[in-house]
Amino acid sequence: MTFFLRACLFTLLLVGQNFVYAKSGPIVSGIVRDADGKTVEFATVAIHRAVDSVVVKTEFSSEAGTFRFDQLPAGQYFVSASQVGFDRVQTAPFLVASADQTLPAILLKPSSKTQLKELTVQARKPLFEREVDRIVVNVDGSPLSAGATSLEVLSRSPGVTVDQNDNLALRGKQGVLVLIDGKRVPMTGTELGEMLRGLPANSVDKIELITNPPAKYDAAGGAGIISIKLKKDSRQGTNGSITGSYGYGRYYKLTSGISLNHRHKKLNIFGNYNYSDRNVFTQLTLHRNFYQNQQFIGSSDQDNVGKTNYISNTYRAGIDYTLSKRTLLGAVVSGLAMNAEARIPNVTQTFDERGNLQSSYQSANRRNLSMPNVAVNMNMKHSFDSTGSQELTADLDFAHYETHRLQNLETSFTLPVRPPTTLAGDLDGGLNIRSAKADYTRKLPNQAKLEGGVKVSWVNSDNNVLFTNITEGQSTVDTGKSNQFRYNEYISATYLNFSKTIQKTSVQIGLRSEQTIVSGVQVIGDNRFERRYFQLFPSVFIKQPLSKLHDVSLSLSRRIDRPTYNQLNPFRAYIDATTYFTGNPSLFPQTSYNVELTHTFKQKFITSFNYTRTNQPIIDVVQPAPEGNRQAVSTFQNLTRSDYYGLTLTIPAQPTKWWTLDNNVVAYYQKFVGELAGTSLNNGLPAFTLNSTSTFTIGRGWTADLTGNYQSRQLYGFLDIRPLGQLNIGLQKTMLNKKGTLKLNVTDVFYTSPLNATSAYTNYVERFYQRQDTRVATVSFTYRFGNEVLSPSRRRSGGAEEEKRRAGSAS
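In this text the structure is predicted, and so the values were computed from the model without any measurement.

1. Considerations on the sheet that holds strand β33 (residues 572-576)
Read across the sheet, 4 strands follow the order β33-β34-β38-β37 without closing on themselves; strand pairing throughout is mixed. The two strands at the open ends of the sheet, each matched to only one other strand, are β33 and β37 (618-624). Taking each pair of neighbouring strands and ignoring which way they run, the sheet shows an average axis angle of 30 degrees. Pairing of β37 with strand β38 (residues 632-638), which is carried by 7 bridges, proceeds in the antiparallel orientation. Considered in β38, the bridge of glutamine 623 is made with valine 633.

Here it is in structure tokens:
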């Protein structure tokens, strides 16, 4: 057992004698009443930092008029409350130290104004909010979200980068767990990118970037968690909204959607639907040098320029029912039907060692991809007493994913002249995910809480692919590329969390166990594998206020990233006549140990130091194909280890009342160690990312956003990536008695975000340049109708999160 694991277990045993679980930080609670002493339900209650009035958290008062805020750092705060028909009020500043506080009743007085439009003026949420353990991106309120996809919004978020194969990285580290409404997306890389392109940003409420999650979450996500939360209307009665947007870059991009909600007493019925029709320009230029025994033997040049049309239909419908004062029941059905049609012609020339032209050919690559999926969640929440001190939640999940891909690669040869060939591919894949989980929470005396849970999941997938070679009208099945791949997985997990605040020190400890059984088989050839393993994942979080202005925290955790289903699938998807993608059934999981030390000044300036050691890291590589003939394969491999050292700075500012500025800097050094394709790797390079967002309140309902991001040169495994960045501008105007919102934006104004990189091995060097349709001008309009009275919404996180991220096939 490693020193790290021993240290975490020792801490768990030592601290566990004295601590039981509670969310770190004291609790502030209270009640909202009117002038007659009656409770006010569904009032908007916010807690602000006293030093600059910035909103830290926002809640709604319950049906009994009560509210509570937890996980609060020590410091000076005040609370504000508002509701339609009442004047907004705020409390006097108060000090939050180590003990829980119950505030005096907040009394709302009837408003002297009679016009609703005068009562509903609310400040727009900041684009970025920072909580104890995460950054929150408020997508809905930003003009830059108009007409965008979820992937585009993510690429502009602090510390998030997207590479040429749509692999997401958080603070420069890959291995990110992606959740949508608490459920894992069953894809990574290209498959995840395709799905997020099909999810319009206008269906997203906010995105949370969690860098060091506790043991309650699945142990996956060594780099952290990206949690996407979809919109859910919180208004009473019957209401909804309609949205439409039109954008144009190289080609048009159209998005529209409707959301409906009916909430009355014990019943809430909700649903939404979004349609997207987007045409995307893609340019990929490749130059390859080939070597043998360190001698240059030739090269090739390739140019791919084309267009892909994405049409997606996303839907979500559900019901919440209050069975009693202590029991809530719910069910949700959601789905995405995404179709992509690509037409990307290719021109290739090969040269000998003297630069003489050897061959020249053109390929017409036509790909049709269909990825329908549907998920069902049934959930229950029960409180054992009226105070909520004991709570049980349970989830049952079922999800079905399909992949249908037709590919037709027609190649004609001009030098030397020979008959044209066609490679036709037909892939059909299905994936089923079933999971069940239960979580129990119990509050204990002296600011303590105990939390535990269990989860089981079953996954099975079946993929069939048939490749046919067509030459001079004769068709033959390519038995070397055709096959059937079956995969089965069973995971059972339990976890226990403890924490307690003693005086000013908050400690949170947790331990998660996971038993994994996986098996796979390629039917033709009967190639099989089976793996069984049991692992423990401890986590520790300690927070210590140093003074009114300073506090520090320390977190330690161990995590695992299992290969995704498409990473294991050995079937091929051809990019052009000499390049294809394939999975690797020989992949092993990667495990990581994470340590992070954070200092906070004035509750808003944050400095974090973090270190991660990853064993057997899984990386995306492009290398010479085993069949030779100057072909290249994009696949996944395990290296020996990687070491990551990072420094994150968060620097918010408010130069004037109408201008707020949010700056995020991530500086890091990551070194990979391993060997691949006869090439030893043991190096790294210091790198950094910058993200700066300015929000301007112009007046008369107008606001504006200006964001810029920059990624320095970086080394990731065998890949050397050149610097890139972009500037984005957005405007927003509220109108029609605040029921309408007009948004205008231009993204990548100076068209400065092409990807330019080199992949180098002993016998092979590839340089590529990739440009997409990133400079786009968009206009959108949203109209909200129905009742404007708010009530608290209930958001469920289902039990199939881990599996849904890892499912899917290569596209």
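2. Section: the side chain of serine 555
Looking at the element boundaries, serine 555 is found in strand β32 (residues 550-561). Given the relative accessible area of 9%, serine 555 is considered buried. Ignoring sequence-local partners within four residues, the contact set of serine 555 consists of Asn212, Val540, Phe541, Asn594, Val595 and Glu596.

3. Overview of the sheet that holds strand β14 (residues 173-174)
With antiparallel pairing, 3 strands are arranged side by side in an open sheet as β12-β13-β14. Every interior strand has two partners, whereas the edge strands, β12 (160-162) and β14, have only one.

4. Looking at the side chain of threonine 758
Within the secondary structure, threonine 758 sits in strand β47 (residues 755-761). Accessibility expressed as a relative area gives 13% for threonine 758, which makes it buried. Discounting residues that sit within four places of it in the chain, threonine 758 has contacts with Phe718, Leu719, Asp720, Arg722, Val765, Glu766 and Arg767.

5. A word on the pattern of salt bridges
According to the stated counting rule, one finds 19 salt bridges in the structure shown. Here arginine 512 and glutamate 514 are joined by a salt bridge, their closest N and O atoms 2.9 Å apart. On the basis of relative accessible area, glutamate 514 is assigned to the buried category, the value being 3%. Taking the shortest distance from any N to any O, the salt bridge between glutamate 514 and arginine 562 comes out at 2.5 Å. Taken together, the positions of glutamate 514 in strand β30 (residues 505-522) and arginine 562 in the loop between β32 and α5 (565-568) put the pair 48 residues apart, joining distant regions of the chain. In this pair, the class of glutamate 514 matches that of arginine 562, namely buried. Ionic contacts of the salt-bridge type, sharing partners, join the residues Arg512, Glu514 and Arg562 into one network.

6. Concerning the packing of aromatic side chains
In the structure shown here, the tally under the stated rule is 21 aromatic pairs. For the pair phenylalanine 384 and tyrosine 440, a centre-to-centre distance of 6.3 Å together with 65 degrees between the ring planes defines the contact as edge-to-face. With phenylalanine 384 in the loop between β24 (357-383) and β25 (390-415) and tyrosine 440 in strand β26 (residues 417-444), this pair connects stretches of sequence that are 56 residues apart. Between phenylalanine 688 and tyrosine 710 the ring centres are 5.8 Å apart and the planes differ by 40 degrees, which places this aromatic pair in the tilted class. Taken together, the residues phenylalanine 688 in strand β41 (residues 679-699) and tyrosine 710 in strand β42 (residues 702-711) connect sequence positions 22 residues apart. Judged by its relative accessible area of 35%, tyrosine 710 falls in the partly exposed class. Of the aromatic side chains, those joined through ring pairs into one cluster are Phe290, Phe718, Tyr761 and Tyr764.

7. Observations regarding the pairing of strand β49 (residues 776-786)
For strand β19 (residues 237-248) and β49, the ladder comprises 10 bridges, and the chain directions are antiparallel. If you follow serine 245 over to β49, its bridge partner there is serine 780. Sheet analysis places strand β46 (residues 740-747) next to β49, joined by 8 bridges and oriented antiparallel. The residue of β49 that forms the bridge with leucine 744 is valine 779.

8. Notes on the environment of phenylalanine 467
Of note, phenylalanine 467 is situated in strand β27 (residues 448-471). Given a relative accessible area of 3%, phenylalanine 467 falls into the buried group. The spatial distance from the C-alpha of phenylalanine 467 to the C-alpha of valine 477 is 6.0 Å, given a sequence separation of 10 residues.

9. Focus on unusual backbone geometry
A negative phi angle characterises most non-glycine residues, just as the trans form characterises most peptide bonds. The omega torsion of the bond from leucine 415 to proline 416 falls at -10 degrees, within 30 degrees of zero and hence cis. Residue position: proline 416 is located in the loop between β25 and β26. Residues other than glycine seldom take positive phi values, yet asparagine 293 does so here, at roughly 55 degrees. In this fold, asparagine 293 is placed in the loop between β21 (267-292) and β22 (295-322). Residue class for asparagine 293 comes out exposed when judged on its relative accessible area of 71%.

10. Here's the deal with the environment of serine 475
If you trace the backbone, serine 475 turns up in strand β28 (residues 474-477). You can call serine 475 partly exposed: its relative accessible area is 49%. Put simply, serine 475 and threonine 422 are 53 residues apart on the chain and 9.2 Å apart in space, counted from C-alpha to C-alpha.

So, how was this worked out
Residues numbered from 1 in each chain as written. Predicted model: local features only at pLDDT ≥ 70, side-chain atom pairs only at ≥ 80, totals over all residues. Heavy atoms only, no water. Pairing = 2+ DSSP bridges. Helix = DSSP H or I, 4+ residues; strand = E, 2+ residues; numbered from the N terminus. Axes fitted to C-alpha atoms, helices over the stretch in contact; angles between N-to-C directions. Buried < 20%, exposed > 50% of the residue type's maximum accessible area, 1.4 Å probe, protein only. Contact = heavy atoms within 4.5 Å. Salt bridge = Lys/Arg side-chain N within 4 Å of Asp/Glu carboxyl O. Phe/Tyr/Trp six-rings, centres within 6.5 Å; stacked < 30°, edge-to-face > 60°.

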